[in-house]
Amino acid sequence: MQTSESKDIRVFAPATVANVACGYDVLGFAIDAPGDEVVVRFSDKPGLRITKITGDGGKLPKDAKSNTAGVAALDYLAHLGKLDVGIEMEIHKKMPFGSGLGSSAASSVAGVYAVNELLGRPLTKKQLLPFAMAGEVSADGAYHADNVGPSLLGGIVFIRDNHELDTAQLPVPKELYAAVVHPDIEILTKVARDILPTQIEVTKATQQCGNLGGLICGLIQEDFGLISRSIHDVIAEPYRQKLIPEFYNAKRAAIAQGALGFSISGAGPSVFALCEGEESAKRVGAAVADVFSQTGLTNQLYVSAINTTGAHVIA
Ligand code: HSE
């Protein structure tokens, strides 16, 4: 019965910039592109089956239990007691792995969001967060919602506690734009996390708290000066920058072109700048891309307003 009535549901979940410099593991925002797509439909065969994966270079498993999008969807179906429902899933990867753009999070979000839509939306978007997290953890091994949060919910998401998934969406100033540049190298999140010290000095913790608070106040008050003064990372960037060729040259170029601030997107290698206005973001992005290109490092530039929609159904 379900098959004859079934039609495809196609979902897009966007890339994200985690950390936003001063919010290691607790802050992230979504951009318009790139992003992953998942298609789901009912099937007569009971259970969730991944029938097709594109754009992954053959790297991702089709076994739903071992696949990020599959794990998220299975966790959700188990919660609803609907593991027997026959569902086919296709995953279309549209962004590289190990990019610092939240690739696994986008797949995880798209997987659970698509299945929730297929079942008639029994849960709200925000209620999907724990299941998206389950998918993300299966890929990444670490428990941080700063990619899945904004990819699912859109906007700029602050996570007070990653285990409680106590999150808040922050206001997005209309003129706030991001320039994100992905140089064509891969950094495993695990490597970028292992490079960090397990303890930090109180003075550094104080600086980071000040900047995080400053950035949040700046967003609320639409105070671009305060936003700019706050985009500094004294915890992860000093260690991770060495994994990204030309990082400080790229940062200098971004600031010289008027960026409000510049840092590493998530675990890298992508870098991002926040800017006031689209023209500024285009100029800054081009300057950063040029730094990489001049050393022969191919790259992709994404200029975007903050994406306040997050995961959604597409035609
Ligand atoms: N907050 C995480 C990190 C994001 O910086 O390791 C990884 O995608």
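Conventions and cut-offs
- Residues numbered from 1 in each chain as written.
- Predicted model: local features only at pLDDT ≥ 70, side-chain atom pairs only at ≥ 80, totals over all residues.
- Heavy atoms only, no water.
- Pairing = 2+ DSSP bridges.
- Helix = DSSP H or I, 4+ residues; strand = E, 2+ residues; numbered from the N terminus.
- Axes fitted to C-alpha atoms, helices over the stretch in contact; angles between N-to-C directions.
- Contact = heavy atoms within 4.5 Å.
- Phe/Tyr/Trp six-rings, centres within 6.5 Å; stacked < 30°, edge-to-face > 60°.
- Buried < 20%, exposed > 50% of the residue type's maximum accessible area, 1.4 Å probe, protein only.
- Core = buried A, V, L, I, M, F, W, Y, C linked by side-chain atoms within 4.5 Å.
- Domains from an automatic or database assignment.
- Near = heavy atom within 4 Å.
- Polar contact = N/O pair within 3.5 Å; in protein donor to acceptor, adjacent residues only side chain to side chain.
- Areas by Shrake-Rupley, 256 points an atom, 1.4 Å probe, with all protein chains shown as cover.
- Expected span 1.5 Å × (residues − 1).
- Buried area = accessible area lost by both parts, 1.4 Å probe.
- Disulfide = S-S within 2.5 Å.

## Here's the deal with the sheet that holds strand S8 (residues 261-264)
Next up, step 1: The strand order S8-S9-S7-S10 describes an open sheet built from four strands, whose pairing is antiparallel. Of all strands in the sheet, those bounded by a partner on one side alone are S8 and strand S10 (299-305). Averaged over all pairs of adjacent strands, the angle between their axes in this sheet comes to 20°, without regard to strand direction.
Next up, step 2: Pairing between strand S7 (residues 176-183) and strand S9 (residues 271-276): six bridges, direction antiparallel. Pairing of alanine 178 across the sheet is with leucine 274, part of S9.
Next up, step 3: Packed on one face of the sheet, helix H10 (residues 247-256) meets S8 and S9 and runs near 155° to S8.

## Topic: the packing of aromatic side chains
Next up, step 1: Using the criterion set out here, one finds four aromatic pairs in the structure.
Next up, step 2: Both rings, one in phenylalanine 29 and one in phenylalanine 272, keep their centres 6.0 Å apart while their planes meet at 75°; by these two values the pair is edge-to-face. Highlighted residues: phenylalanine 29 in strand S2 (residues 27-42) and phenylalanine 272 in strand S9, separated in sequence by 243 residues. Accessibility classification places phenylalanine 29 together with phenylalanine 272 in one group, the buried group.
Next up, step 3: Summarising the aromatic geometry, the rings of tyrosine 76 and phenylalanine 131 are spaced 5.7 Å apart at their centres and angled 80° between planes, so their arrangement reads as edge-to-face.

## A few points about the nonpolar core
Next up, step 1: Counting 71 residues, the largest nonpolar core has Phe29, Val40, Ile87, Met89 and Leu274 as its most contacted members.
Next up, step 2: Per element, the largest residue contribution to this core is nine residues, and it comes from helix H3 (residues 103-118).
Next up, step 3: Composition of this core by domain shows at least three residues from each of domain 1 (2-171 + 308-314) and domain 2 (176-304).
Next up, step 4: Apart from the residues lying within four places of it in its own chain, the contact partners of isoleucine 87 are Val40, Arg41, Phe42, Ser43, Lys45, Gly47, Leu48, Arg49, Leu77, Val115 and Leu118.
Next up, step 5: Core analysis: the second largest hydrophobic core is formed by 25 residues, Ala192, Ala253, Cys275 and Phe292 among them.

## Observations regarding the site of the ligand
Next up, step 1: Taken together, Ala18, Asn19, Tyr24, Asp25, His144, Asp146, Asn147, Thr189, Arg193, Arg240, Gly266 and Ala267 make up the full set of residues near the ligand.
Next up, step 2: A distance of 2.8 Å is found between an oxygen atom of the ligand and a side-chain nitrogen or oxygen belonging to asparagine 147.
Next up, step 3: Compared with its free state, where it exposes 260 Å², the ligand has 96% of that area covered by protein.
Next up, step 4: A domain split of the shell around the ligand shows at least three residues from each of domain 1 (2-171 + 308-314) and domain 2 (176-304).

## Looking at the side chain of asparagine 116
Next up, step 1: Tracing the backbone shows asparagine 116 in helix H3.
Next up, step 2: Apart from the residues within four sequence positions on either side, asparagine 116 is in contact with Tyr76, Arg121, Pro122, Leu123 and Leu128.

## Quick word on helix H7 (residues 202-221)
Next up, step 1: The end-to-end C-alpha distance of H7 is 28 Å, a good match for the 28 Å that 20 residues give at a rise of 1.5 Å each.
Next up, step 2: Within the sequence span of H7, burial applies to Gln208, Asn211, Leu212, Gly214, Leu215, Ile216, Gly218 and Leu219.
Next up, step 3: Residues of H7 that are buried make contact with S2, strand S5 (156-161), strand S6 (166-170), S7 and helix H8 (224-230).
Next up, step 4: Immediately beyond the C-terminal end of H7, within one or two residues, lies glutamate 222, with a positive phi of roughly 50°.

## With respect to the domain arrangement of the chain
Next up, step 1: With domains assigned, the chain is organised as domain 1 (2-171 + 308-314) and domain 2 (176-304).
Next up, step 2: Taking only C-alpha atoms, the centre of domain 1 and the centre of domain 2 are 25 Å apart.
Next up, step 3: Tallying the contact residues gives 31 residues for domain 1 and 35 residues for domain 2.
Next up, step 4: Of the roughly 2400 Å² buried between domain 1 and domain 2, counting both surfaces, carbon and sulfur atoms make up 66%.
Next up, step 5: Its largest share of buried area at the contact with domain 2, domain 1 owes to Ala21, Cys22 and Tyr24, together 27% of the area lost on that side.

## What about the environment of isoleucine 216?
Next up, step 1: Considering the arrangement of structural elements, one finds isoleucine 216 in helix H7.
Next up, step 2: Along the sequence, isoleucine 216 and leucine 170 sit 46 residues apart, while their C-alpha atoms lie 7.4 Å from each other.
Next up, step 3: Setting aside residues no more than four positions away along its own chain, isoleucine 216 makes contact with Phe158 and Leu170.

## Notes on the state of the cysteines
Next up, step 1: Under the definition given, this model contains zero disulfides.
Next up, step 2: Not part of a disulfide, cysteine 22 finds its nearest cysteine sulfur in cysteine 209, a span of 10 Å.
Next up, step 3: Residue cysteine 22 is classed as buried on the basis of its relative accessible area, which comes to 2%.

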